[in-house]
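# Examination of the molecular architecture
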Amino acid sequence: MTQKNSWNASLYDEKMNFVSQYGSGVIEWLQPVAGEHILDLGCGTGDLTAKIAAAGASVVGVDFSPEMIAAAKKKYQSLSFFVADGHTFRSERRFDAVFSNAALHWMKRPQEVIESVWLALSPGGRFVAEFGGKENCQQVVDALGTVLAQRGIAADERNPWYFPSIGEYTSLLERQGFRVTLASHFDRPTKMPDGDQGLRHWLDSFADSFFAGLHPEERQRVCEEVAVCLRPALYKDGEWIVDYKRIRIIAQKPH
Ligand code: BEZ
């Protein structure tokens, strides 16, 4: 997680816990081994950090949001968490792996983040990550654009997300010196919890920056209009299914 979103850790844990549930698949790509030192970059409220620790690895979770880190520390008191920005993260310790789930799309200067990861890894270390890929949640982004444009607001200028193509991202990794050994860009239609309320929870959790300066009643109207735009495509049998597209990568730092 990072810039420009106002994080509500309880809403995130109660309504957006699918984020860490889906992230379990990324841990299968990570394959943590007992005794390894692993950095969880953008750890949110720490659920996947705890899963990595359960494999016997020594893990440190960092996140840009103090609210998320406070919640993680409260939930997992024996683990190590601190606030840090992925763009500028530096550590004396070198890690065997850097792991990241659903966080890199909040960091809009990817080259700086990739450099942070590179410097954090030991020679031979691996970077295993999943985040939003090109056209992730595109229908929602388009609907926000349409509804805000009707109020004279340019949604593009408020968009906090980086959703690259697989070609763009793997090229950045290679430019840093990584060897990309696996990469995938896949559709992952994602069901929201809470029936009709599901889209609203998503907007409140993730799309805060689009509503900057709007009166709460105006925000409510914008959300309703966005829902009207999206309902024919994304609302089926009483549930919102958002058009997620993810990137997963494994990249190795050479010895
Ligand atoms: C997510 O973490 O699920 C997410 C966040 C922002 C935009 C899209 C998806």
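The rules behind the values
- Residues numbered from 1 in each chain as written.
- Predicted model: local features only at pLDDT ≥ 70, side-chain atom pairs only at ≥ 80, totals over all residues.
- Heavy atoms only, no water.
- Near = heavy atom within 4 Å.
- Polar contact = N/O pair within 3.5 Å; in protein donor to acceptor, adjacent residues only side chain to side chain.
- Areas by Shrake-Rupley, 256 points an atom, 1.4 Å probe, with all protein chains shown as cover.
- Nonpolar A, V, L, I, M, F, W, Y, C, P; charged D, E, K, R; others polar.
- Pairing = 2+ DSSP bridges.
- Helix = DSSP H or I, 4+ residues; strand = E, 2+ residues; numbered from the N terminus.
- Buried < 20%, exposed > 50% of the residue type's maximum accessible area, 1.4 Å probe, protein only.
- Right-handed = clockwise from strand over helix to strand, strands pointing away.
- Axes fitted to C-alpha atoms, helices over the stretch in contact; angles between N-to-C directions.
- Contact = heavy atoms within 4.5 Å.

## Let's talk about the site of the ligand
In the vicinity of the ligand, the residues found are Val19, Ala102, His105, Trp106, Asn136, Cys137, Trp161, Phe163, Trp202, Phe206 and Tyr244. Here an oxygen atom of the ligand sits 3.4 Å away from a polar atom, N or O, in the side chain of His105. Look at the ligand: alone it shows 260 Å² of surface, and the protein chains cover 99% of it. Its residues placed into classes, the shell around the ligand shows 9 nonpolar, 2 polar and no charged.

## Thoughts on the sheet that holds strand β7 (residues 190-191)
Taken together, 3 strands build an open sheet; the order of strands is β7-β9-β8 and the sheet is antiparallel. Each end of this open sheet is capped by a strand with a single partner; those strands are β7 and β8 (235-236). Across 2 bridges, the pairing between β8 and strand β9 (residues 239-242) is antiparallel. By the bridge assignment for β9, Lys236 is matched with Glu239.

## Focus on the pairing of strand β2 (residues 58-63)
Most of β2 sits out of view: 5 of its 6 residues are buried. Where strand β1 (residues 37-41) and β2 come together, 5 bridges link them in parallel fashion. Bridging from a neighbouring strand, His37 pairs with Ser58 of β2. Summarising the sheet, β2 and strand β3 (residues 80-83) pair through 4 bridges and their orientation is parallel. Its bridge partner lying in β3, Asp63 is registered against Val83. In terms of handedness, the path from β2 via helix α4 (residues 66-75) over to β3 forms a crossover that is right-handed.

## Re the sheet that holds β3
Spatial strand order, β3-β2-β1-β4-β5-β10-β6: 7 strands in an open sheet with mixed pairing. One side of each edge strand has no neighbouring strand; the edge strands of this open sheet are β3 and β6 (179-187). Looking at each pair of strands side by side, their axes are set apart by 15° on average, direction ignored. Two elements, β1 and strand β4 (residues 95-101), share 3 bridges in a ladder whose sense is parallel. Bridging across to β4, Asp40 finds its partner in Phe99.

## Quick word on the side chain of Thr45
With respect to the secondary-structure elements, Thr45 resides in the loop between β1 and α3 (47-54). At 2.7 Å, the side chain of Thr45 and the side chain of Asp13 are in polar contact. Only 3.1 Å separates the side chain of Thr45 from the side chain of Lys75, close enough to count as a polar contact. With sequence-adjacent residues up to four places away left out, Thr45 is seen in contact with Ala9, Tyr12, Asp13, Met68, Ala71, Ala72, Lys75 and Tyr76.

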